[in-house]
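# Remarks on the overall topology
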Amino acid sequence: MNFIKTIVAAGLVAASTSALSADITGAGATFPFPVYSKWADAYKKETGNGLNYQSIGSGAGIKQILAKTVTFGATDAPLKAEALEKDGLVQWPMVMGAIVPVVNLEGIKSGELVLSGEVLGDIYLGKIKKWDDPAIAKLNPKLKLPTDAITVVRRSDGSGTTFNFTDYLSKSNAEWKAKVGLGTAVEWPTGVGAKGNEGVAGNIGQTKNAIGYVEYAYAKQNKLTYAAMVNKAGKTVQPTVASFQAAAANADWAKAPGYYVILTDQPGETSWPITAATFILMHKSATDKAASQEAIKFFKWSFEKGGKMAEELDYIPMPDSVVKLIEKTWTAEIKS
């Protein structure tokens, strides 16, 4: 995590040195934290203005924007149009990424282990307890699987990553849907809880025979072993920008009220099955209009100049057509 810590020190924490930037505060999702950190660092160098973003989980981010203690909230679990209307909020997608299952298995490298949504659901239900279970072995006939018990790791906080992960499990495992369902927080049948993508990544790295789920950038930065997945089309796919883009290509943002789009379990032979967008929440009529204007400037800059930086961390920038829609939404709905 040294990479992220360096960026935070240079960009986010440095926000306090600027009178303007100190007023731009955000809180929420840990899923986009690596890319928001990178953008903040570059924006600070270019404009002198910083961003103070607290990576505390989507649930806490929603609470903070509702309490008006931050300029913007960030969530990977989008709010539906009626909730936005009720609380006077505007929502838009900022960037897209992917969630990957990660494991700590001796002798197994990234992309070698293959899992399906059905099997992943059964592991998180506590039905599949050992790595050499016949259901896992069937997907991995050439792998030497350990006989050890599986240590299941999941989020302990209200999390948009969990929302998207459990949404996917609900689409691919009928028993999971019936017994647990989806949400930013659920009644987990099994597992050890960890806070944030950071916490899950750290726990997996230290625990042999563990499995968890994190945003892809965290898997890469922590050198965690990720699994390949069987997608909706029945094809085995690796987590790559191309497979994330294939899933995102099906999204019809223009017809979605409040940009409410869930990208899990998308069709297509090359689609990664647990792809997700992350969203920004702001008040239509902000208490601090100057801070609101500064935040919009940062988001506009990020759309215009942050695409390459996002791709370097294996996120997917929003398409230009969607950015134009979002900018129209800002003009029409945010009073400044």
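Residues numbered from 1 in each chain as written. Predicted model: local features only at pLDDT ≥ 70, side-chain atom pairs only at ≥ 80, totals over all residues. Heavy atoms only, no water.

For the protein chain, the count of helices and strands is 14 helices and 13 strands. Computed over C-alpha atoms, the radius of gyration of the protein chain comes to 20 Å, within 12% of the 20 Å expected from 2.2 N^0.38 for 336 residues, which places it in the range of a compact globule. Oriented by its inertia axes, the alpha-carbon framework of the protein chain measures out at about 60 × 40 × 35 Å. When the 336 residues of the protein chain are sorted by exposure, 59% land in the buried category. Counted over contacts in the protein chain with a minimum sequence separation of 6, partners at least 24 positions apart contribute 77%. Distance between charge centroids for the protein chain: 1 Å, based on 36 positive and 32 negative side chains. (Helix = DSSP H or I, 4+ residues; strand = E, 2+ residues; numbered from the N terminus. Rg over C-alpha atoms; globule rule 2.2 N^0.38 Å. Buried < 20%, exposed > 50% of the residue type's maximum accessible area, 1.4 Å probe, protein only. Contact = heavy atoms within 4.5 Å. Lys, Arg positive; Asp, Glu negative; His and termini not counted. Charge placed at Lys NZ, Arg CZ, Asp CG, Glu CD.)

When charged atoms on two side chains of opposite charge get close, those side chains can pair. Taken as a whole and assessed by the stated rule, the structure comprises 17 salt bridges. Note that lysine 208 and glutamate 106 form a salt bridge whose closest N and O atoms lie 3.9 Å from each other. Taken together, the residues lysine 208 in the loop between helix H9 (196–206) and strand S8 (210–215) and glutamate 106 in the loop between strand S4 (89–103) and strand S5 (114–115) connect sequence positions 102 residues apart. Given a relative accessible area of 69%, glutamate 106 falls into the exposed group. Put simply, aspartate 122 and lysine 127 hold a salt bridge, and the shortest N to O gap is 3.7 Å. (Salt bridge = Lys/Arg side-chain N within 4 Å of Asp/Glu carboxyl O.)

Relative orientation of the contacting elements helix H12 (residues 289–305) and helix H14 (residues 320–333) amounts to 170°, with a least axis distance of 11 Å. Taken together, the axis directions place H12 and H14 in an arrangement best described as roughly antiparallel. On the side of H12, the interface is formed by Ile296, Phe299, Lys300 and Phe303, while H14 contributes Val323, Ile326, Glu327 and Trp330. In terms of residue class, the contact of H12 with H14 is made up of six nonpolar, no polar and two charged. (Axes fitted to C-alpha atoms, helices over the stretch in contact; angles between N-to-C directions. Parallel < 35°, antiparallel > 145°, perpendicular 65-115°, else oblique. Nonpolar A, V, L, I, M, F, W, Y, C, P; charged D, E, K, R; others polar.)

Right, let's get into the side chain of threonine 278. Mapped onto the elements of the fold, threonine 278 is located in strand S12 (residues 275–283). In this structure threonine 278 comes out as buried when scored by relative accessible area, which is 0%. If near-sequence neighbours (up to four positions away) are discounted, threonine 278 is found in contact with Ala29, Phe31, Pro32, Tyr36, Thr75, Asp76, Trp92, Pro93, Met94 and Val95.

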